[in-house]
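# Descriptive structure summary
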Amino acid sequence: IQTDPDGEDDLALLTVADFLRLAADRGKKLWTGTRDGMTWMTDGKRRYVLPDLEDPLPSSLVESLCDRFDLPRSDFALNDEG
């Protein structure tokens, strides 16, 4: 979990490692790999090609990863309103 300049934790600012850890905490084993210069995340059945970006992950990508791997968005959201 990243800390913003105001000193507040922001769950929308997850690193890839944070996302993998939170998914594991919810019983979903995910991992990353690279092939042909592309980085992807997988659960062994489905893959998601990650864009060439640096941490932290944008919230739209976090939401998309949650959808792809059947994880509740609310567990990875900035707050409980989503």
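### With respect to the pairing of strand β3 (residues 31–35)
Where β3 lies against strand β4 (residues 38–42), five bridges are found, and the strand directions are antiparallel. When the sheet's bridge partners are listed, Thr 32 is paired in β4 with Met 41. Hairpin geometry of β3 and β4 is characterised by an intervening segment of two residues between the two adjacent antiparallel strands and by a positive phi of about 55° at Asp 36.

### Focus on the environment of Val 49
Considering the arrangement of structural elements, one finds Val 49 in strand β5 (residues 47–50). Its relative accessible area of 45% is what places Val 49 among the partly exposed residues. Separated by 15 residues in sequence, Val 49 and Thr 34 have C-alpha atoms that sit 9.3 Å apart. For Val 49, the contacting residues outside a window of four places in its chain are Met 38, Thr 39 and Trp 40.

### Description of the pairing of β5
Every second residue of β5 is oriented toward a common face, the buried set being Tyr 48 and Leu 50 and the non-buried set Arg 47 and Val 49. When β4 meets β5, the two strands line up antiparallel, connected through four bridges. Pairing of Thr 39 across the sheet is with Leu 50, part of β5. Hairpin connection between β4 and β5: a loop of four residues separates the two successive antiparallel strands, and Gly 44 in this loop has a positive phi of roughly 95°.

### With respect to helix α1 (residues 16–25)
The set of residues buried in α1 consists of Val 16, Asp 18, Phe 19, Leu 20, Leu 22 and Ala 23. Where α1 terminates, the next one or two residues include Gly 27, which has phi positive at roughly 85°.

Parameters at a glance
Residues numbered from 1 in each chain as written. Predicted model: local features only at pLDDT ≥ 70, side-chain atom pairs only at ≥ 80, totals over all residues. Heavy atoms only, no water. Pairing = 2+ DSSP bridges. Helix = DSSP H or I, 4+ residues; strand = E, 2+ residues; numbered from the N terminus. Buried < 20%, exposed > 50% of the residue type's maximum accessible area, 1.4 Å probe, protein only. Contact = heavy atoms within 4.5 Å.

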